[in-house]
Every structure is written in C-alpha cells, then in structure tokens.
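Overview (structure and organization)
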Amino acid sequence: MQRSVYLDHAATTPVHPEVLAAMLPYFTRNFGNPSSVHAFGRESRIAVDKARATIANAINADAREIVFTSGGTEADNMAIQGVAIAMADKGKHIITSSVEHHAVLDTCEYLAKQGWEVTFLPVDEFGRISLADLEAAIRPDTVLISLIHGNNEVGTMQPVAEVGELARKKGIVFHVDAVQTVGTIPVDVKALKVDLLSFSAHKFYGPKGIGALYIRKGTRIKPLVHGGGQERKYRPGTENHAAIVGMARALEFALENMSDNVDRVTALRDRLIKGLLEIPEVRLNGHPTDRLPGNVNVGIRYVEGESLILSLDMKGVAVSSGSACTSGALDPSHVLLAMGMSHEIAHGSLRLTLGIDTTDEDIDYVLSIMPAIVDRLRKMSPLYNEK
Amino acid sequence: MSVYNEKVMEHFENPRNVGKLENADGVGEVGNATCGDIMRIYIKVDDEERISDIRFQTFGCGAAVATSSIVTEIAKGMRLDDAVALNNKDVADSLGGLPPIKLHCSNLAADALHAAIEDYRSRKGESQ
C-alpha cells in the first residue's frame, strides 16, 4: 500500500482520540443546554465552566476573559470590528501588517471601506515587521494594533512581546492572531502584554468549529452578534459545549507534552529543510530559525505550486502552496509578495507543515520522492529550459 | 482525489509530446509568470500544410499541463486550417471539462497552438 503522509497541519489537525472520547457524552447523555436551570443544564454548565478555566489557565488569563467563538476567523473579526466600533469616538486608525491571515486582512480592508484608516506595515525578506516602522505609524487617533504571532504561511514569528510593550505604553489596544501558536508553543497573554488574542481548537488536535477570543479585563469592545446572555453577552447563542470540552482537553494535552513536542518537531522540520535545500535552486521562505516549529516553506524555481501539490498527492503526501492556482485567486500569496518575492517564485512555493504525529519515516519518504517530482516538472517547464 | 477528473489527471501524470522541438517551423508562447501559466508549443509542418510533429513546454498548474498535452495530441497530423479552428473550449471539452475557475486562467493551449501556426505562417511569408 502507498504511504500516506499528512504535512498540512497548519491547515488543520486530526482530533486526538482522547479528545473525541471526552466530547462524546456531551452529544447524547449530557446534552443539556448550559443555560437551563434543571439538572441536565447544570451538568453542561459545570462542564463549560471547567473547560473555560482550563483554557484560561493555559494562556495565563482569567476565566472571565475567555469568550468562545466558532473559530479563529470569528475571533479575529470580533476583536477587530468590536474594538473599532467601541473605540470609534476616540479614533479610527488601525495598524496591522501586510502578512496577516485573511481573517484579519479582509476585516481591516472591510473597515477601510467603512471609513476607518488602516496602515498595513511592510515586512522584511523574512516576513517580519520592524518596530521602527510600527512606531512611526502610530498616530493620536490609532486605536488598535493587530498582529499575527506566528505566520500561517511562512512560519515567521513576529516580535509580539516588543509590540505589546509599545502598545501598552501608548495606550493602544493590541490584538494578536495566535491561531498558529496557541497549543503549539507557550503563549502567555500577560508576558506578551496583549489585550486580545485569537485561537482555534482544530489547530491543536481539537475539533473544528470552536475557538476563543481572550479579552483582557477592561478592554473596550462591542459584540458582533446579539441574542441571549451567553458569554457575558459578548457572543450570545447556545454554547457548543461538546466542542468547548474538546478544546479544553486538547489544550491540556498540548501543554503536557509541549516542550518535548517542540523539540522533536523542530528537529524534524530542520531535517526536512536541509534535505529540500539540497535540491538545486530551492530556497527557504521565512525566517531560518525564528519560525514555527512545524513550518517548512520553500520556493522551488521553475515549477508551479499546484503541479507540485498534485504530484505529491499522487504519492500520498498532503501539502499546500501559496500559488494562486490553489486559492482560486489570480495573484499568488500576499505574504510571499509582501516579502519581496517575484510572482514566478511565489507561484512555485510549497508549504509543508509538520505535526506531533509526523515521524522520521515521513520525512525520509518525502525527501526520497521530491527530487524526481521536481525534476519531472522542471523538464516540462519552458522557464527551466531557458536558463 | 482532486478537483480534476480522471482524464485531466491522466494527462497530468503522463503528458504527451513534452519537450522542445529542434528546428521547429513555428513556435508559439502564451501566458506569463505573473499569472502563473506559461505555455509554449513547437510545430513541424509538412509539405501538405499538416502538423507533422508537435511538442510543448508548460509552467503551470494541473489544468495548464493537461490542456497543453491534449492539444498536442489533437493537433498532431491535423491540417493547419483545421488546427486554427480549434478553440480553448474544444480543448477543455476533450478533457471532459475543467473546474470553472480554470477555464479562464489555465485554458490557453489552443491560443498557444494558434500562436505557433501564426509564427510558422509569418516565417513562411518572409521567406517567399
């Protein structure tokens, strides 16, 4: 049988069997609405409260500072739109970067059409913003800074703690999109001095459809959804309590084994990078060391990303690309273009993201099939023949 | 296994007539690196104005490779006048269809063939 290797953990991860087991009773036996007064409801309320405390503790927050959402995208939307609306009387200027996830980027672009002003900070060749650029962009009417923690495409880490220090000093609300970091590396909202932090369960072996927004006590923010009194009116609607329980269990697991997993995955990542760079005219995208433990992103010259994905898929390897063809857009990844890459190189980018289930054999297999795949596509390419 | 049908994947996996044709009578290229697709087609034309040999080189996605491959298969042996009448839709149809998003960006193989025929005709015009 053909080997199957999943290297797209930045897209999503499988639910840990014990997480699923923890969730199952809440679909059938303990199905009560947490808002109900009777025993069924009370049981669910206890489960939600316990999960909330576990999750808050994992990021060094207070349970009252956690609002559950449908995932990272909703948390990002709530943070940015909620603060923008709440702070509109003070100012309508927002600062973010040009390498954000679309959940942040598109929300900021939406607000820009609604009368807000948005500064999209440039990045260096590794995808990092500079503190000097940020400081220069701050104005008296700046009300929000939103920055991604670890980049979902190229893995580069942003100087979030330094930005938090600056934002706190200037009295500007600071939101961090930590969807790729929470559950993967230690995240401490107090140490990072963030006011809002988005994260999502399915990136750390929890279920899809559940995420959370950390809202530091005292932060001015308006809800986007109106209804009942759930989530202290910040996000009404009957709680998805089974998913909330699963998210908490997944985060417990992540924390228990975090430092071992980071070391092991980082070692596999570096071996994969080293092996890929042995193929001629392959370059690493993103920062060489200050990057997410599981992220590998390479530019493979003269070939196009979707062709690489299809070729690897035929061999049982699941990866992704910043090529336009894979996103339904005409332009390749905005992250790679913001890093100064040409369209041609950006079209030939390949993202391989490792997880805690990735093995040495997986890496060996990918490295054993990659040279022939690249060679076949290059032989087909008019760009390669011209060089 | 993918957004493409089996025939598209078969052409992607085993593309026909790949490579460069030395001493081609006509060469046509369409697309650019910015949009992510470049197709180049080389043709040899015989005395009866038929495409006696044809090759392609493509930088692009699965649809770009498969359409390039099948257009070379269709056009081989065809009279130039008939080959000129082929359009991009014919090419996509002969593959059993392409995902809608690909019909606009990566379905340029007939255009590349036409460019090669044009190149042949302009060279011939100059030599007469």
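The present account deals with the structure reproduced in this document.

As a further point, take the overall build of chain B. The helix and strand inventory of chain B stands at six helices and three strands. Starting at the N terminus, the α and β elements of chain B follow one another as α-β-β-β-α-α-α-α-α. A principal-axis box enclosing the C-alpha atoms of chain B has dimensions of 50 × 30 × 25 Å. Classification of the 128 residues of chain B by burial places 50% in the buried group. Across chain B, contacts joining residues at least 24 apart in sequence account for 61% of those joining residues at least 6 apart. In the structure as shown, chain B presents an accessible area of about 5700 Å², 47% of it carried by carbon and sulfur atoms.

On to helix α4 (residues 102–113) of chain A, then. Residue and element names in this part refer to chain A. Here α4 spans 16 Å end to end across 12 residues, near enough to the 16 Å set by a 1.5 Å rise per residue. Of all the residues in α4, the buried ones are A103, V104, L105, T107, C108 and L111. Residues of α4 that are buried sit in contact with α3 (72–86), β3 (93–97), β4 (117–121), β5 (142–148), β6 (173–177) and α11 (334–338). At the exit of α4 stands G115, carrying a positive phi of roughly 105°.

Time to look at the packing of aromatic side chains. Residues and elements named next belong to chain A. What the rule picks out here adds up to two aromatic pairs over all chains. With a centroid separation of 5.4 Å and 45° between ring planes, the pair formed by F31 and F40 is classed as tilted. On the basis of relative accessible area, F31 is assigned to the partly exposed category, the value being 47%. Residue F40 is classed as partly exposed on the basis of its relative accessible area of 44%. Above the ring of W116, the side-chain terminus of K92 is found at 4.4 Å from the ring centroid.

The subject of this paragraph is a nonpolar patch on the surface. A cluster of nonpolar side chains, namely V15, L20, L24 and F27 of chain A, defines an oily patch on the protein surface of about 360 Å² accessible area. Take F27 of chain A: it is sitting in the loop between α1 (17–23) and α2 (39–58).

Quick look at the interface of chain B and chain A now. Taken together, the contact between chain B and chain A spans 26 residues of the former and 25 residues of the latter. For the chain B and chain A pair, buried surface summed over both sides reaches about 2100 Å², with 66% attributable to carbon and sulfur atoms. Its largest share of buried area at the contact with chain A, chain B owes to F12, Q57 and F59 of chain B, together 28% of the area lost on that side. Where chain B packs against chain A, one counts one salt bridge. As a salt-bridge pair, E306 of chain A and K102 of chain B come within 2.7 Å of each other at their nearest N and O atoms. In this structure, the connection of chain B to chain A is made through nine residue pairs in polar contact (both at pLDDT 80 or more). For the side of chain B that touches chain A, the residue count by class is 16 nonpolar, seven polar and three charged.

Bringing the side chain of K203 of chain A into the picture now. All names here are of chain A. Note on placement: K203 falls in the loop between β7 (196–200) and β8 (211–215). There is no salt bridge for the buried K203, and the closest opposite charge comes from D8, which lies 8.2 Å off by N-O distance. In this structure the side chain of K203 is engaged in a polar contact, spanning 2.9 Å, whose partner is the backbone oxygen of A10. Only 2.8 Å separates the side chain of K203 from the backbone oxygen of A11, close enough to count as a polar contact. In this structure K203 touches A10, A11, T13, V179 and Q180, once residues within four positions along its chain are discounted.

What follows concerns the packing of helix α10 (residues 305–314) of chain A against helix α13 (residues 360–380) of chain A. Residues and elements named next belong to chain A. Interaxial distance between α10 and α13 falls to 10 Å at its minimum, and their mutual angle equals 135°. What the angle tells us is that α10 and α13 run oblique. Pair α10 / α13 crosses with right-handed handedness. Along its contact with α10, which presents S307, L308, S311 and L312, the element α13 presents I369, M370, I373, V374, R376 and L377.

Residues and elements named next belong to chain A. Pairing is antiparallel in the open sheet, where three strands are placed in the order β9-β10-β12. The sheet is open, and its two edges are formed by β9 (282–284) and β12 (349–353), each paired on a single side. Each strand of the sheet is rotated relative to its neighbour by a mean of 30°, with strand direction disregarded. Summarising the sheet, strand β10 (residues 295–300) and β12 pair through five bridges and their orientation is antiparallel. What sits directly across from N297, in β12, is R351. Relative to β12, α10 is tilted by about 45°, and along the sheet it contacts β10 and β12. Packing of α13 onto the sheet brings it into contact with β9, β10 and β12, and relative to β12 it is tilted by some 165°.

Here we take up the pattern of salt bridges. According to the stated counting rule, one finds 33 salt bridges over all chains in the structure shown. R351 of chain A serves as the salt-bridge partner of D8 of chain A, at 3.1 Å between the closest nitrogen and oxygen. Taken together, the positions of D8 of chain A in the loop between β1 (5–6) and α1 and R351 of chain A in strand β12 put the pair 343 residues apart, joining distant regions of the chain. Here D8 of chain A matches R351 of chain A in class, with each residue buried. R55 of chain B serves as the salt-bridge partner of D53 of chain B, at 3.7 Å between the closest nitrogen and oxygen.

A few words now on the pairing of β3 of chain A. Residues and elements named next belong to chain A. Counting buried residues in β3 gives five out of five residues, a clear majority hidden from the surface. Going residue by residue along β3, you find H93, I95 and S97 tucked away on one face and I94 and T96 tucked away on the opposite face as well. Note: β3 against β4, five bridges, orientation parallel. Paired with S97 across the two strands is L121, which belongs to β4.

All names here are of chain A. The element β5 is extensively covered by neighbouring structure, given that seven of its seven residues are classed as buried. With three bridges joining them, β3 and β5 adopt parallel strand pairing. Note that in β5 the partner of I94 across the bridge is L144. Pairing between β5 and β6: five bridges, direction parallel. Each residue of the ladder has a partner; that of I145, found in β6, is F174. Note that the unit made of β5, helix α6 (residues 160–170) and β6 has a crossover that is right-handed.

Conventions and cut-offs
- Residues numbered from 1 in each chain as written.
- Chains lettered and ligands numbered in written order.
- Predicted model: local features only at pLDDT ≥ 70, side-chain atom pairs only at ≥ 80, totals over all residues.
- Heavy atoms only, no water.
- Helix = DSSP H or I, 4+ residues; strand = E, 2+ residues; numbered from the N terminus.
- Buried < 20%, exposed > 50% of the residue type's maximum accessible area, 1.4 Å probe, protein only.
- Contact = heavy atoms within 4.5 Å.
- Areas by Shrake-Rupley, 256 points an atom, 1.4 Å probe, with all protein chains shown as cover.
- Expected span 1.5 Å × (residues − 1).
- Phe/Tyr/Trp six-rings, centres within 6.5 Å; stacked < 30°, edge-to-face > 60°.
- Lys NZ or Arg CZ within 6 Å of the ring centre and 35° of its normal.
- Patch = residues over 30% accessible without salt bridge, like charges linked within 9 Å, V, L, I, M, F, W, Y side chains within 5 Å.
- Salt bridge = Lys/Arg side-chain N within 4 Å of Asp/Glu carboxyl O.
- Buried area = accessible area lost by both parts, 1.4 Å probe.
- Polar contact = N/O pair within 3.5 Å; in protein donor to acceptor, adjacent residues only side chain to side chain.
- Nonpolar A, V, L, I, M, F, W, Y, C, P; charged D, E, K, R; others polar.
- Lys, Arg positive; Asp, Glu negative; His and termini not counted.
- Axes fitted to C-alpha atoms, helices over the stretch in contact; angles between N-to-C directions.
- Parallel < 35°, antiparallel > 145°, perpendicular 65-115°, else oblique.
- Left-handed = near helix turned anticlockwise from the far one by under 90°.
- Pairing = 2+ DSSP bridges.
- Right-handed = clockwise from strand over helix to strand, strands pointing away.

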